[in-house]
Structure formats: C-alpha cells, structure tokens
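# Examination of the molecular architecture
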Amino acid sequence: MRLLHVFGFGLKVGHLLWMLCCWVASMVSMNWFINGEFKAAKASLLGASGNKMWFKFWDKISSHSFKIHHEYYQYVGSKRFSKAWWRKLLPSWLIGWVLASVVIFCCMSSQAAEKRKETLASMCDERARMLQDQFNVSMNHIQAISILISTFHHGKNPSAIDQSTFARYAERTAFERPLTSGVAYAVRVLHSEREQFEKQRGWSIKRMDTLEQNPVHKDDYNPDLLESSPVQEEYAPVIFAQDIVSHVVSIDMLSGKEDSKNVLRARKSGKGVLTSPFRLLKTNRLGVILTFAVYKRDLPSNATPNERIKATNGYLGGVFDIESLVEKLLQQLASKQTILVNVLDTTNRSYPISMYGSNASDDGLEHVSHLNFGDPFRKHEMRCRFKQKPPWPWLAITTSIGILVIASLVGHIFHATVNRIAKVEDDCNKMMELKRQAEAADVAKSQFLATVSHEIRTPMNGVLGMLHMLMDTDLDVTQLDYVRTAQASGKALVALINEVLDQAKIESGKLELEEVQFDLRAVLDDVLSLFSGKSQDKGVELAVYISDQVPEMLIGDPGRFRQIIINLMGNSIKFTQKGHILVTVHLVEEVDSIEVETESSSKNTLSGFPVADRRQSWKGFRTFSQEGSMHPFSDSINLIVSVEDTGEGIPLEAQSRVFTPFMQVGPSISRTHGGTGIGLSISKCLVNLMKGEIGFVSIPKIGSTFTFTAVFTSSFSSSKKYKSQKINNQSNFVSTEFHGMRALVMDPRPVRAKVAKYHIQRLGIHVEIVSKWKQGLSIISKGGSAKNMVLIEQEVWDKDLRGSAHFLDNLDKINRGTPKLFLLSNSIRSSGANNTSGVRNLTIIPKPLRASMLAASLQRAMGVENKGNAYNGELPRASLQNLLIGRKILIVDDNNVNLKVAAGALKKYGADVVTAARGIEAIELLTPPHQFDACFMDIQMPEMDGFEATRRIREIEQDINNRIHFGELSVEAYNNVSNCHVAILAMTADVIQATQEECIRCGMDGYVSKPFEAEQLYREVSRFFQ
Amino acid sequence: MEVGQMQRRLVDYTKTLFMEGFLDAQFLQLQQLQDENNPDFVVEVVSLFFDDSEKLLNNLSMALDQPNVDFKKVDAHVHQLKGSSSSIGAQRVKNACIAFRNFCEEQNIDATLRCLQQVKHEYYLVKNKLETLLRLEQQIVAAGGSIPMIDMGF
C-alpha cells in the first residue's frame, strides 16, 4: 500500500510538472499570439493556424493529463496497475513531445521569418516613399523651370533668357532638384523655320541617333562631330542646358528614339513624362529623362491632345541619374548595409529594365514597392532584398530543443520511477511470497513438532508404565538401578517433549490460557517444595516472599504461571552453587517502595552474597514507562515477579540471545547442565500471553535476576463463574488454629527475616523481628504479651553458641509461659542441627519455608490438633451425591452407549434418570409443567440438534410464562411455578469457546464435557441445585 | 485357576490395555459406576457399544460403497461412533474416528476408506480385548472372587 502511495505521489508530481510545462508553453504561445495580433493585422495564415493548432493541442494535453490523473485514482483502487500501459505511455509521451517541439519550432521560425519580412517591407516602403518624394520634388521644380521658360523666354520678345542665364540659374537651383543631374530646354522648331532658326542661333540642328548607337566616353565627346539633323517635319533642338549637360545644346531631341517618344508624349499629355532608362550621353550612366512640354499659352486642364500639340512651344527635360541618386539617397538612410535595393522600370512587364542595383541572384525574401513618379505610362518599382541570408532561428531551435529535453527528462524520471516502483513491487511480492512460504514452513514445522511430540508421548507412556511395573518385580540392586535410570531418562524425555509441544503450541498460536481462580501463594509453595530437595542438596537457600498487597485469590492460569516460575527457578538452581534464590512477588504499583528498600543496602540480601540489582531487570518494561496508562479502576492485578539468584550469571555476549529458543550460553553448558534451552523462550511467550513482560539483569560471577510482569484478574470483583476450580487446593487447609499467637523471629538479615515473617504471618501469627539475642530476651521479658514461639535463624545459632546457651538459660528464668523454640535451618543435614540435638523443646524447621510445612512443624511442636483438616479427595463426588440424590434428570442423546454411560453416572450419584434419544422426545418431555429438575442434552443429534431443541423448549416456556402472567392460565396447573425454566445443560465432546457461547445463546444454562468429569459436573450442577 | 491368580491376571491385563492405549480413564470411571445396584453395568454398556458400533460400521461401509458418497451421513455415523467409543474409553477407536472425521471434511474418499479399515481394525482389536477382559471378570465372579479395583495412578 505504501508503494502505491509513493506511486501516487510520483504521479502527482508528474502532473504538476506537466502542468508547469504546459503553462510555460502556453504563456510563450500566448505572447506570440498577442504580438502577432498587434504587430500586423495580416498575421500570416501559417501563424494563425499555428496558434489555433497550439490551442487545440493544449486542450488535448490538458484533457489527457486530467484523464491520466483520473485514471490514476481508478487504477490505484484496483491496485493492479498494468505495466504495459506505462510502457506504451513512454514512447507516446516522447513522440508527442517531439511533435510538439517540431510544432513549436515551426511556429517560432515562421514568426521570425514573418518579422523579417515585415522589417524588409517597412524598410523597402520607406525607401520607395523617400525616393518618390524626392523625385516629386525634383519634378515639381522642373515644372517650375518650364513655367519660367514659358514666361521669360517665350513670353518676352526678345527673350529674357539666354543659355548662360539659364545655365547659371539652373546651376544655382540644382539643390532643389536632388535627383536631377541636369536640365535642358529644347525648343520646337518646324522645318519651315529651321533655316531661320539655325541662322539665328549660329549652329545647325544636330541629330542624336548616331550618338546613341556609338556611345562615347565623356572626354571624347565633341558635339561638333555630330552630324546635322536630316530634314524632318519639325525639330526640337536644345537651346538651353545646364552646364553639366551643355553638350546636348543644338541636338535635336526628336532625333533620339527615346527622347522623341518622350517629347511627343509630353506635349500630348501636358504632364511630366519619363523615358525608359537608358545610358546617358557622355556620362554613360543609367538615367531617365523627364520631359515637360512648354506651351505658348495657358491651356485648360481638359485640353485635347491636338490643342496641346499645337500650343507646344518647347520641351524642358531633366536628366535623372537614377543610379547615383538612389545611391545618394540610400546613403542617407540607416541600415543600408542590410538590404539590397533594385529599382526597376516595369512598364514592359515581361522585360523589366533595371535602373539601379546589381542583379544578384534573387533567391529568398524580396519585397516589391511600387513607385509613382507621376508618369502614368511608366511603371516603376523598387525591389528590396536582404543582403544576408536569413539567420538560423536559434531561439526557436533552442526553445524546442529545451522543451524536448525537459520532456524527455520528465519522461525519464517517470520511466525510472515506474520501473523502480515495478521493481520494488516485484521485490515486495517476492518477499511476501517468501514470507508466506517461510511462515507456512514455520507452521508446518510447529505442526510437525506438535504431532511428533504427541506421537512420542503415547509410546513413552507405555515405556514409563512398563518401567514402573518392572520396578515392582523382583529385581536385584543393579537391575533396579538400570530401571531407575531408564525411568528417569524417560521422564526427562517426556518433560522435554512437553516443552517442545508447548513451544510448538505457542508458535502456532494454539495455546490459550485458562481463567480459573487460584491461590498464588499455594502455587509458589508448591514450586518451593518441588525445588526444596535440590536446594537442600546444594546448600542453596530458597525463599519466596509475596507482598501483602497481592490478593489471596487471583484469576488466571495457575499452571502456566507455575511453569514460568519453575523455568526461572530451575535455571537459577541449575547455575547456583552457593548463596540463595529468592522469589519475590509484588504488585506493579508497589515497585517504588521496593526500590526504596533495596536502595538502603546492596549487600543486604538473603544470604549475604551480592546480587544483581533487580531494578535493572525491569528497566525496559513498558508498564513503567507509561505509568499513567494503568487502569486504576479495572480489576486487573499487575504482578511483578522477580527471581534472584547468586549463581554464575550469564556471560555478557550471551545475554542478547537468552530468550531465543534452543539457544544456550554455549555448547558446554548443555553438556554440564543439560536442558534444551527452550525454557526461557517458553516463559517469554507465556509472559506475553499474560500481557506481561520479561527482562533480566545478570552480572557474571555475581548472579542473575529475572523479572516478569503478568496481568491477572482480581477474584473479588468478578462473577461466581470462576468458582474455584481447585477445590482441593492446598491453600484451603490454612487453618485458623494459630490465629492470635505471637512469634519472635531472630535474624540479623532483614530480607531473610522478612521472608520468615511473611510465611509465619500467613498462619495468622503476629511476628516481631529482632536481630540479636539480647534484644530478643528483652522483648520476651518485657513485652506486653507473651510470645508463643521464638524462631531462630540457624546462622545466628551456629555463630554464637554461647549466646544461644545464655539465651536458653535466661529463657527458662522467665516465668511467663516459656515460648517454644524453633530453629530455621537451611539444611537438615547441616552440622548445626546436630549441635541442637541436646536442647530441649527445640524444633528444626527445614527451609525453604512454606506455609504448609511450617504449619505442620508448628502443629507437631505445639501439639495443636489437626482437626477437620483432612483433605477430602472425595469432595466433588460426595457433594455431587448430595446435590443429585433424588433429582429427576432427563438425558437426551442419540448415542445409546453415551446415553447408557451418562445415565449410569448420574444414577450412581443417586439421580432419577430418564433417557430420550431424540430432540423431539425431549421437547415433549420438557413441556411445562416440568417434571424434571434438569436436562442434559447432547448437542449434535440427527433430525433436531440440542441447540434447536433447547430453543423450542425455551419458546414454549416463554409462551406459558406469558400466559400465566396475563392470567390466561392458572398458576395452579403449573405446580404454582409462575416462571418455569428447566435447567438444560449441553453435553459436548468439544469444549471450545465458540460452542459454549452458542450454548448460552440458545438458552442453555451451561455445558458439561462428555464423558462426565466429576469436578466439572459438580461445578455446573451446583449452580442449580442448592 | 486360583482366584487370586486370576485377579492378578485381570489387573495385569487391564494395565496392558491401558498401556497400549486401547482404553483410557473413562473405562475406569465406567467400572466405578458399577455397584451392587447395577452389577452388570459395564457388561451392558460394552455390549451395547458392540451392537451399536457394528451397526454403525455396517452403515459406514454401505455409505462409502455408494457411487455418490454422502459425506454428511458418513460424518454423522462417525460422530456417533466417536461418541460411543469415547464413552466407554476405547481410546484408539476414538482417535481413529477423529482422523476419519477430518477426512470426511475434506471429502477424501480414498482416505475415508482407509480410515474405515483403520476404525474397523481398531474396533475389532478393542472388542477382542474387552471380551477377553469381561470373560476374565466373569470367570472371577464365577469362581466366587470379587473384581479388583484398578487404580491407574501413573
């Protein structure tokens, strides 16, 4: 699941990145779009469509990404995210972005080209306009000159202008005509006037065509060499000319092909007329000539061409040296370097004549601007090109490549993430599979262990039984020894198997704790007596101390608790050669006060040997770290149990694996001490089952202290359900015969004295502790009330024999009823005991102290009668008989044998038994009024099972009860029982919790196992029959 | 045969039955239920068990012979047998029945057939043993002795 979250996170991040990309891209495109709109209304078709495309694409992308997002949630729900989907996504993502970047590239480069074109157009237009303007200015001026001539030459007689005047005037006004290189005036001369004209002028009219055919260099030019004009209808010889073109004086303009066309057109139209460009005379440069006609009089603007021809006086021509002029013009403008300008005469569309500019290869971009020089006949245009080729669209390239890189990076990240996730998922699956296998193997192992141990136990019982029987036969000593050894080994084996079985049960989770009432003190007494032999053999002192705060009766699993204690004590005994083993039981709540006690002196221990500080052993417990979380109002009782020994301790390096099953300190340990190393592991599991914790502290050569906590229930607050199972428990014997007696314990060691006090107090005896002889004497002599007994620690006795003798002497002198003397001895066989043999009324009480033994010793010594104390093993049986005698009981079971046996058992207890084999019979028999006191019903029966039968019986009862309640039926008819309810107990072979619950649910009052167990039967039956 | 000797044999024999796991504590309880009021209790119960079991075993054989085995029915029969056997303390029959029921749940015909053989085998064994035991007891009673109570204190 965590993986999916990571994955989801990845997707989200991806989505975010994606959005970012899209946003950036859209911003860029929007900018373009807006720029395009404002800059030029005629945004190119490509650009517009590009924008449109982009928007569509953007829409698609965003909807797609939304889909991805959406699908992510869907897929995550189904958990199985197809990897193939991702595999397909990556190439499509890349392809998509390649396409996108291509589109972006196209858009950007077209934008750039567009911009370039616009720049070119604007530059070209600007140049064209300027050229046109200047041209127009020049033209206007030429027109002005024509008017000047018409006024001063033709209007005055004689003429006010001669060649020199004109030349000077023209020269001085040349600045007004920036485009003209020169002006000249040709007068109209008819053939009839030629002679007179030539005479008057002093030169003959010359023709021009030869000149045109053989262009000559300027320097060689000599007008005198020109032929005189042939006879024509009329002539147009130049009479005035600016100095610069003075060579054209006397040349007949009509003799030139171009000029004559021009002249004729000019006089016809009355406007300025341009020639097509041609090589100028003398300068040999390309130029055009503008011609204006000069009329005799002012003509109306709508004059016909004929009138105009007739009124013509002469022709004014201006030479426009286009090439140089355009050059000059362009030089005035900025960025002349960047563009190439061509000026063309396109009057003849198919053969445009270049007027200016080189004819470079016209590839690439070109802008054409039309020029209007005022002559409608002639068309001119300006063509502009950039000098350089268009630069590479670096911005577009970098942008698209950048986007591509980002996209592929994102794709890579995604791919890597998905791959990683897939890998991790695979690994996880593999692990899960392995885990499952391992768990299955573990369960199988546990089951195998359980089965095998169980299977071994059965034959082992046979072996042990046979050995037992063999021991009863006639055997010599050796044989007996063999048999004993065999039996001991067998018992050890069975114990081992039991342990293994426990471990297996715990591991497979099958172990359930009992919930019965038990006496903790009795359990510990039991354990003490179990180990007393061993401890006495070793000379190790064994003691148990239980705090007064711990309640008498607890509810829990005594067997398992005992097992833990036995495990811990067994270990302690095994590894302790001298000193003591002390078991203390406290409430967890008391721990603080314990700490205070122990803090007083670390040497203050039971046997005087130093011990490991037990506080260390519970340092890690959760119970203490979260003190506040304990429930003060619940009836749970938290016990903390410590087992302290002065053994050899656990080596530091082995301490970490103490609770690991089958782990022992080292191989040598198992050889010297035996055991499987499973006990502590089981203990830990059991403690965990008791909702407790276990810990230890161990100092090599000093000893170990194991501490565990366990949670039990207080027996006072819980219901009677737990009515003591251990009815024959030892604790019941604790007699009241010693109540009110007083005792004095003489022991210098507080801890040991406390233990002694605890045990003696259990018998109801008031205890005082003294540490010295003297003190004891004074208390006995002075004390307010007489002491019934004095218990002396053997150590005190042995150490100071003189003191004891003195004490005994003094004791005799006291008149107030001599107290009995007891010696608390660690070992019966110890030498000290021999020293006391002579002493009168001295009884030795062997340690470990425990209530039963203490009581027995005291009884023996004090002569208190042991009355009514006999343990009645027949208690349940006898009680059952009391309960059941004369009762009428119905047994329902489909199994004849079971029926017979159950009936036999109940009859044995004196019950009056009726049997039924089917559920329906039971219902008939159990219809009120009831004749039966109780019914034992089998659960699993054909036709109608016990649950169903009970349910029906309860329904009938309910019905009748209601009817009695409402007065429909008389109570008398039902034996004056207004609320009939027959006790129905289930008989079942499987005593599972679920079955019990089912029993209660369908109205049964309890259950007994089949076949009957006297104790359980008694427990159940006693709830009804009192 | 002398009564005392017979009694010892009875005790020994009973003990072997317990050792070999044929019988368990329930049989002891059964014996304890027998008293003056009910002198033939054990015999009655045991013979009831024999009759019942034979019937059940027959039924089982028939049920398992069917082409379509009704496992529910088989299970019910085995349950009955288990109940009776545990009532008289025929431990091994009971254990065989437990295994039988497990296979019934699995609906494993082969295994159930094997189990039937096993149950039959165990049943005949215990029947044999019980018959011998009861014969011994009868002989003792006929010889005028009393049946010794056995305390299985191990």
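Everything quoted here is computed from the prediction, not taken from an experiment.

Within chain A, the regular secondary structure consists of 30 helices and 29 strands. Every one of the 1026 residues in chain A was classed for burial, and the buried ones make up 46%. Taking the contacts inside chain A whose residues are at least 6 apart along the sequence as the reference set, 74% of them involve residues at least 24 apart. As displayed, chain A has an accessible area near 52,400 Å², and 56% of this comes from carbon and sulfur atoms.

Moving on, we come to the UniProt feature "transmembrane region" (unreviewed entry) in chain A. Residues and elements named next belong to chain A. Residues given the UniProt feature "transmembrane region" (unreviewed entry) here are residues 16–34, 90–108 and 392–414. For residues 90–108, the helix share is 100%, the strand share is 0%, and the end-to-end C-alpha distance is 26 Å. Structurally, residues 392–414 is divided into 91% helix and 0% strand, and its ends, taken at the C-alpha atoms, are 34 Å apart.

Side chains of nonpolar character tend, in soluble globular proteins, to be buried together. One finds Ile891(A), Leu906(A), Phe936(A) and Phe100(B) to be the most contacted residues of the largest nonpolar core, which totals 66 residues. In terms of residues, this core owes the most to one element, helix H3 (residues 41–65) of chain B, which gives 11 residues. In terms of nonpolar packing, the next biggest core, distinct from the first, is built from 53 residues, Leu511(A), Leu528(A), Leu554(A) and Met690(A) among them.

Walk down a regular strand and you will see the side chains alternate between the two sheet faces. All names here are of chain A. Within strand E12 (residues 380–386), six of the seven residues are buried, which leaves the element mostly enclosed by the surrounding structure. Where strand E9 (residues 339–345) and E12 come together, seven bridges link them in antiparallel fashion. What sits directly across from Leu340, in E12, is Arg385. Where strand E11 (residues 366–371) meets E12, six bridges bridge the pair, whose relative direction is antiparallel. In the strand pairing of E12, Ser369 is matched with Met382.

It is worth spelling out the environment of Gly272(A) at this point. All names here are of chain A. Note that Gly272 resides in the loop between helix H7 (257–269) and strand E5 (273–274). Between the C-alpha atom of Gly272 and that of Met139, which follows or precedes it by 133 residues, the distance is 7.4 Å. When residues no more than four places from it in sequence are discounted, the contact partners of Gly272 are Leu290, Thr291, Phe292, Gly374 and Asp375.

All right, on to the sheet that holds strand E22 (residues 789–793) of chain A then. Residue and element names in this part refer to chain A. Across the sheet, five strands lie side by side as E21-E20-E22-E23-E24; this open sheet has parallel pairing. Only two strands of the sheet have a single neighbouring strand rather than two, namely strand E21 (766–770) and strand E24 (842–846). For this sheet the average axis-to-axis angle between neighbouring strands, irrespective of direction, equals 25°. Sheet topology note: the strand E20 (residues 742–746)/E21 ladder contains five bridges and is parallel. Note on E21: the bridge partner recorded for Met746 is Val770.

Right, let's get into the environment of Ala143(B). All names here are of chain B. Relative to the assigned elements, Ala143 resides in the segment after helix H6 (109–142). For Ala143, a relative accessible area of 40% corresponds to the partly exposed category. Residues Ala143 and Glu2, spaced 141 residues apart in sequence, show a C-alpha to C-alpha distance of 8.4 Å. Once residues within four sequence positions are removed from consideration, Ala143 is found in contact with Val3 and Met6.

The next thing to look at is the packing of aromatic side chains. All names here are of chain A. In this structure the tally under the stated criterion is 16 aromatic pairs over all chains. Ring geometry for Phe166 against Phe240: centres 5.4 Å apart, planes inclined by 25°, an arrangement best described as stacked. Here Phe166 is found in helix H4 (residues 163–172), whereas its partner Phe240 is found in strand E4 (residues 238–241), with 74 residues between them in sequence. The buried category is assigned to Phe240, whose relative accessible area is 0%.

Moving on to unusual backbone geometry. Residue and element names in this part refer to chain A. The backbone of Lys691 sits at a positive phi, close to 60°, despite the residue not being glycine. Along the chain, Lys691 falls in the loop between helix H18 (679–689) and strand E18 (694–699). The class of Lys691 is exposed, set by a relative accessible area of 65%. The phi angle at Lys701 is positive, at roughly 75°, despite the residue not being glycine. Following the sequence through the fold, Lys701 ends up in the loop between E18 and strand E19 (703–714).

For the structure shown, the criterion picks out one disulfide over all chains. For the unlinked cysteine Cys115(B), the closest cysteine sulfur is that of Cys104(B), found at 8.1 Å.

Below, the discussion takes up the sheet that holds strand E28 (residues 983–988) of chain A. Residue and element names in this part refer to chain A. What the five strands build is an open sheet, ordered E26-E25-E27-E28-E29; its pairing is parallel. With partners counted over all chains shown, the strands left at the sheet margins are strand E26 (912–916) and strand E29 (1006–1009), one partner each. Strand-to-strand twist in this sheet, taken as the mean axis angle between neighbours without regard to direction, amounts to 25°. The pairing of strand E27 (residues 934–938) with E28 spans five bridges and is classified as parallel. By the bridge assignment, Cys935 is partnered in E28 with Ile984.

Right, let's get into the packing of helix H13 (residues 558–575) of chain A against H18(A). All names here are of chain A. Interaxial distance between H13 and H18 falls to 9 Å at its minimum, and their mutual angle equals 145°. When the axes of H13 and H18 are compared, the crossing they make is left-handed. Contacts between H13 and H18 involve Arg560, Gln563, Ile564, Asn567, Leu568 and Asn571 on the former and, on the latter, Gly679, Leu680, Ile682, Ser683, Leu686 and Val687. Looking at the contact of H13 with H18 residue by residue, the classes come out as six nonpolar, five polar and one charged.

Attention now goes to the UniProt feature "modified residue: Phosphohistidine" (unreviewed entry) in chain B. According to UniProt, the "modified residue: Phosphohistidine" (unreviewed entry) feature falls on His79(B). Within the element layout of this structure, His79(B) appears in helix H4 (residues 71–88). Aside from chain neighbours lying at most four places away, what touches His79(B) is Gln940(A) and Arg101(B).

What follows concerns the pattern of salt bridges. Scanning the entire structure with this criterion turns up 19 salt bridges over all chains. With a shortest N-O distance of 2.4 Å, Lys900(A) and Glu44(B) are connected by a salt bridge. In this pair, Lys900(A) sits in helix H26 (residues 896–908) while Glu44(B) sits in helix H3, so the two residues belong to two different chains. What you see here is one network of salt bridges that share partners, running through Arg188(A), Glu234(A) and Arg267(A).

Listed per partner, the contact involves 21 residues of chain A and 25 residues of chain B. Overall, the association of chain A and chain B removes approximately 2,100 Å² of surface from exposure, summing both partners, and the carbon and sulfur fraction of that is 59%. Linking chain A with chain B are one salt bridge. Our enumeration of links across chain A and chain B arrives at three residue pairs in polar contact (both at pLDDT 80 or more). Of all the secondary-structure elements, those providing two or more residues to the side of chain A that touches chain B are helix H10 (394–472) and H26 of chain A.

Glancing now at the confidence of the model for chain A. All names here are of chain A. Summary statistics for chain A give a mean pLDDT of 74 and a share of 76% for residues scoring 70 or more. The spread of mean pLDDT over the elements of chain A runs between helix H23 (residues 831–835), the lowest at 45, and strand E16 (residues 580–587), the highest at 87. For the stretch residues 213–220, pLDDT sits under 50, and the model shows five contacts to residues farther than four places along the chain or on other chains. For residues 865–875, every residue scores under 50 in pLDDT, and the model assigns this stretch six contacts once sequence neighbours within four places are set aside.

Scoring rules and cut-offs
Residues numbered from 1 in each chain as written. Chains lettered and ligands numbered in written order. Predicted model: local features only at pLDDT ≥ 70, side-chain atom pairs only at ≥ 80, totals over all residues. Heavy atoms only, no water. Helix = DSSP H or I, 4+ residues; strand = E, 2+ residues; numbered from the N terminus. Buried < 20%, exposed > 50% of the residue type's maximum accessible area, 1.4 Å probe, protein only. Contact = heavy atoms within 4.5 Å. Areas by Shrake-Rupley, 256 points an atom, 1.4 Å probe, with all protein chains shown as cover. UniProt positions renumbered as here; feature names shortened; annotations may be inferred. Core = buried A, V, L, I, M, F, W, Y, C linked by side-chain atoms within 4.5 Å. Pairing = 2+ DSSP bridges. Axes fitted to C-alpha atoms, helices over the stretch in contact; angles between N-to-C directions. Phe/Tyr/Trp six-rings, centres within 6.5 Å; stacked < 30°, edge-to-face > 60°. Disulfide = S-S within 2.5 Å. Left-handed = near helix turned anticlockwise from the far one by under 90°. Nonpolar A, V, L, I, M, F, W, Y, C, P; charged D, E, K, R; others polar. Salt bridge = Lys/Arg side-chain N within 4 Å of Asp/Glu carboxyl O. Buried area = accessible area lost by both parts, 1.4 Å probe. Polar contact = N/O pair within 3.5 Å; in protein donor to acceptor, adjacent residues only side chain to side chain. pLDDT = per-residue confidence, 0-100.

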